[in-house]
Amino acid sequence: MPPRIDLRSDTLTQPTPAMRRAMAEAVVGDDVFGEDPTVNALEALAAARLGKEAALFVTSGTQGNLASLLAHCGRGDEVIMGDQAHTFLYEQGGSAALGGIHPRTVPNQPDGTLRLEDIAAAIRSDNPHFPVSRLVCLENTHNRCSGACLTPDYTAAVADLAHRHGLKLHIDGARIFNAAVALGVDVRDLVEPADSVTFCLSKGLAAPVGSVICGPADFIQRARRARKVLGGGMRQAGILAAAGIVALTEMVERLADDHAHARLLAEGIADLPGIRLDLARVQTNIVIFALDHPRLTPAALVEALRHREVGILAIGGQQLRAVTHYGIEREHIEEAIAAFRAILTA
Ligand code: TLP
């Protein structure tokens, strides 16, 4: 049984009643033939919403990033990304395993950025000893960096640097709408400088399945081929896309509630014994903190919280993560804080 107050991830959201209705009523066709009107409508909506020419519905964030990397790079090409990037840490090294794409990491700063000078230093010169630098990847919001937001100015500066050297820029925007809401900017401004972006429908936006890649039409055509070879050519996928349309049209503004709940949680636990948490780093729906407690390991805290019906994740070392999302209300956060207090002060 999952914990009643489940803060392990925003991937745990249940579809809304409006999504379930839309799914039941969706008009569908075979999307590999390009004939699913609901998938086509979602792709058109996503492209317009992100200010890109075209879009592609994919099964997951992992598939979206991998299909994007395969569409940008050939075998032996190099992709520059943060050493804390989800694509580098948690996607099985898929671009290397399946695409022969060589990852080159530079350090992620605590705010999720890569220093421009580090990117510049990582770009290869034309030399037969070197792979060809082809792509830079950013992540917005940055999962492993406490849900930090990258600004439009920073993104534009990275794009400018990449483009000056003939590289493209891809954004893993799994939670790009969290960034747009937190920064109070149009999501288009966050992705305009980038050549491509993947965003997830099935995290804070609460759709049951799916992500969308957005970019120029010729790039999306290549990503469509990559999706097929990855086994992601779905048939009557409009059933899923219907929920995605509801996600995009009804679920974006409410992300502000998740951010308020994350702040409430962070403020409620920051001063408890053993918790190390920098409140300034909590910008969106992800709260990452360290535990340094005389009696409890991170695993023991996870276990004790679970007994009190609260789920969080141990993410390595002393670090733990809690994520707020649709279905988690203010009173759940208050209960979770009380559970933390009871366990850590016992
Ligand atoms: N993140 C998940 C999983 O790692 C468990 C989570 O709980 O945070 N990019 C970013 C920034 C992500 O956080 C994730 C998923 C993905 C890509 C991959 O998306 P999916 O899970 O749909 O393949």
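Here is what the cut-offs are and how they apply
Residues numbered from 1 in each chain as written. Predicted model: local features only at pLDDT ≥ 70, side-chain atom pairs only at ≥ 80, totals over all residues. Heavy atoms only, no water. Domains from an automatic or database assignment. Contact = heavy atoms within 4.5 Å. Buried area = accessible area lost by both parts, 1.4 Å probe. Salt bridge = Lys/Arg side-chain N within 4 Å of Asp/Glu carboxyl O. Polar contact = N/O pair within 3.5 Å; in protein donor to acceptor, adjacent residues only side chain to side chain. Helix = DSSP H or I, 4+ residues; strand = E, 2+ residues; numbered from the N terminus. Nonpolar A, V, L, I, M, F, W, Y, C, P; charged D, E, K, R; others polar. Buried < 20%, exposed > 50% of the residue type's maximum accessible area, 1.4 Å probe, protein only. Arc of directions from axis to C-beta. Phe/Tyr/Trp six-rings, centres within 6.5 Å; stacked < 30°, edge-to-face > 60°. Lys NZ or Arg CZ within 6 Å of the ring centre and 35° of its normal.

1. Overview of the domain arrangement of the protein
Thinking step 1. Taken domain by domain, the protein comprises domain 1 (5–11 + 254–345) and domain 2 (17–250).
Thinking step 2. The gap between the C-alpha centroids of domain 1 and domain 2 is 28 Å.
Thinking step 3. Opposite the 17 residues of domain 1 that make contact, domain 2 presents 20 residues.
Thinking step 4. Both sides of the domain 1 and domain 2 interface together cover about 1,700 Å² of buried area, and 49% of this is carbon and sulfur.
Thinking step 5. With a closest N to O distance of 2.8 Å, Arg175 and Asp10 form a salt bridge.
Thinking step 6. Seen at the junction of domain 1 and domain 2, the total is eight residue pairs in polar contact (both at pLDDT 80 or more).
Thinking step 7. At three residues, the largest contribution of residues to the side of domain 1 that touches domain 2 is made by helix α12 (residues 255–269).
Thinking step 8. Residues of the side of domain 1 that touches domain 2, tallied by class, amount to six nonpolar, seven polar and four charged.

2. Digging into helix α13 (residues 298–307)
Thinking step 1. For α13, the full list of buried residues reads Pro298, Leu301, Val302 and Leu305. When α13 is viewed along its axis, its buried side chains cluster within an angular range of 100° and face the same direction. Residues of α13 that are exposed and point over 90 degrees away from its buried face: Ala299 and His307.
Thinking step 2. Those residues of α13 that are buried lie in contact with β10 (286–291), β11 (310–311), β12 (313–316), β13 (319–323) and α14 (330–345).
Thinking step 3. Positive backbone phi, at 70°, marks Glu309, one or two positions downstream of α13.

3. Considerations on the packing of aromatic side chains
Thinking step 1. Overall, the coordinates contain two aromatic pairs when judged by the stated rule.
Thinking step 2. Centre to centre, the rings of Phe177 and Phe199 are 5.4 Å apart; their planes meet at 85°, and the pair counts as edge-to-face. With Phe177 in helix α8 (residues 176–183) and Phe199 in strand β7 (residues 196–200), this residue pair connects regions lying 22 residues apart in the sequence.
Thinking step 3. Measuring from centroid to centroid gives 5.9 Å for Phe289 and Phe340, while their planes differ by 70°, and the two rings are edge-to-face. Of this pair, Phe289 sits in strand β10 while Phe340 sits in helix α14, and the two are 51 residues apart along the sequence.
Thinking step 4. On the basis of relative accessibility, which here comes to 2%, the residue Phe289 falls in the buried class.
Thinking step 5. Note that Arg124 overlies the ring of Phe130, its terminal NZ or CZ placed 5.2 Å from the centroid.

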